[in-house]
Amino acid sequence: MRLTAVRRTALAACAAALALVATACGSSDDGGGEAAGDGKGKGDKAASAAEALTAGELEKAALAQADVENGKVTGVSAADDVAKDKVKADGGTCEPLTFAEVGVPLGEPVATVKRSWTEGPKKPSGDQTTEEAIGAAFDLDKALITLASYDDGGAEKAVEEVRTALGECAGGFSFTAAGEPAEIAKAAEDKAPGGADEAVAMTMTMVGEDGDEFPVKVVVTRKGATVASFTVLNLAAAGTGKDFAFPTEISDAQLAKLG
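A quick note: this is a predicted structure, and the numbers were derived from the prediction, not measured.

1. Focus: the pattern of salt bridges
Piece 1. As enumerated under the stated definition, the model contains nine salt bridges in all.
Piece 2. The salt bridge partner of Asp197 is Arg222, with a shortest N-O separation of 3.6 Å. Note that Asp197 is positioned in the loop between β6 (180-190) and β7 (198-207) and Arg222 in strand β8 (residues 213-223), a separation of 25 residues in sequence.
Piece 3. The exposure class assigned to Asp197 is partly exposed, which follows from its relative accessible area of 36%.
Piece 4. Accessibility expressed as a relative area gives 1% for Arg222, which makes it buried.

Below is the structure:
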């Protein structure tokens, strides 16, 4: 794909991946900010008894710049956030996957907080052509991290709803967020990262404006009574459609802060 096409498709991808629209297409300097198992286990009684973090505790537990060795962590402003009442799946069955993709917590959390992480630029090798070097500059991951704490087993229920929806909506679905339509061609389960009491990981294949398909990584994890979800877009992959690896460095750092 030509570089101009990569640029055009990547920008279209930003618009389609609404959870990342304000940050993935903007400057990494925007905003403020201080973000175990096999990933398939059910929540046990001990986990259900965990207390929900307060808004202040959740804020302290969110990923901060000091927690990462690579890239930049920023806050997500209210203007850049997608409100729950602005998100609608075409069919209630796939709503949990829609919410996970756009960074909207399921259920009724006690408190929520969001962070954005942009991977640091990669240094081009000396033997790259100009077009290859510019193309490599797009090979950056952008993550939206959403934390939500729950009472009365709400965290376990949220993860289970995502797991069930993934099984039922693997063939794709569509949704609307902030008035913009988006289409998921398919959703495939991935290997979940470690460090959580339970986790569900997937690659959603999104359909761009020109019909091009590209991957978006979505991971929903639980530590005690807190759900941490990650939506990741790679700008190069948005242009080429090629798969990319989920940045476990970010989930590792965030889950470690949750204890």
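2. Side note on the pairing of β8
Piece 1. The element β8 is largely enclosed, with a buried count of 10 among its 11 residues.
Piece 2. Bridge count for β7 against β8 is 10 bridges, and the pairing is antiparallel. Counted as the bridge partner of Val207 is Glu213 from β8.
Piece 3. Between β7 and β8, which follow one another and run antiparallel, lie five residues, and Gly211 among them has a positive phi close to 90°.
Piece 4. Note: β8 against strand β9 (residues 226-234), seven bridges, orientation antiparallel. Bridge assignment links Val220 to a residue of β9, and that residue is Ser229.

3. Digging into the environment of Ile145
Piece 1. Inspection of the secondary structure puts Ile145 in strand β4 (residues 141-149).
Piece 2. Relative accessible area serves as the criterion here: at 1%, Ile145 is assigned to the buried category.
Piece 3. Between the C-alpha atoms of Ile145 and Val220, which are 75 residues apart in sequence, the distance is 9.8 Å.

4. Some points on the state of the cysteines
Joining two cysteines, a disulfide is a covalent bond between their sulfur atoms.
Piece 1. Inspection of every chain in the model, using the stated rule, returns one disulfide.
Piece 2. In this model, Cys94 is linked to Cys169 through a disulfide, with the two sulfur atoms separated by 2.0 Å. Handedness here is read from the sign of the S-S torsion; for Cys94 and Cys169, about -100°, the answer is left-handed. With Cys94 in the loop between β2 (87-89) and α5 (95-102) and Cys169 in the loop between α7 (154-168) and β5 (173-177), the pair connects residues that are 75 residues apart, well separated along the chain. A single burial state applies to Cys94 and to Cys169, both of which are buried.

5. Considerations on α5
Piece 1. Across the eight residues of α5, seven count as buried, placing the element largely inside the fold.
Piece 2. Inspection of α5 places Pro96, Leu97, Thr98, Phe99, Ala100, Glu101 and Val102 among the buried residues, and these make up the whole buried set.
Piece 3. Directly after α5, the chain includes Gly103, whose backbone phi takes a positive value near 80°.

6. Notes on the sheet that holds β6
The strands making up a sheet are joined through hydrogen bonds of the backbone, oriented either antiparallel or parallel.
Piece 1. Strand order in the open sheet formed by nine strands is β1-β3-β4-β9-β8-β7-β6-β5-β2, with antiparallel pairing between adjacent strands. Of all strands in the sheet, those with a lone pairing partner are β1 (72-75) and β2, marking the two edges. Adjacent strand axes in the sheet meet at a mean angle of 25° when their direction is disregarded.
Piece 2. As judged from the five bridges shared by β5 and β6, these two strands associate in the antiparallel manner. Along β6, the bridge assignment pairs Thr176 with Pro181.

Reading the values: the criteria
Residues numbered from 1 in each chain as written. Predicted model: local features only at pLDDT ≥ 70, side-chain atom pairs only at ≥ 80, totals over all residues. Heavy atoms only, no water. Salt bridge = Lys/Arg side-chain N within 4 Å of Asp/Glu carboxyl O. Helix = DSSP H or I, 4+ residues; strand = E, 2+ residues; numbered from the N terminus. Buried < 20%, exposed > 50% of the residue type's maximum accessible area, 1.4 Å probe, protein only. Pairing = 2+ DSSP bridges. Disulfide = S-S within 2.5 Å. Axes fitted to C-alpha atoms, helices over the stretch in contact; angles between N-to-C directions.

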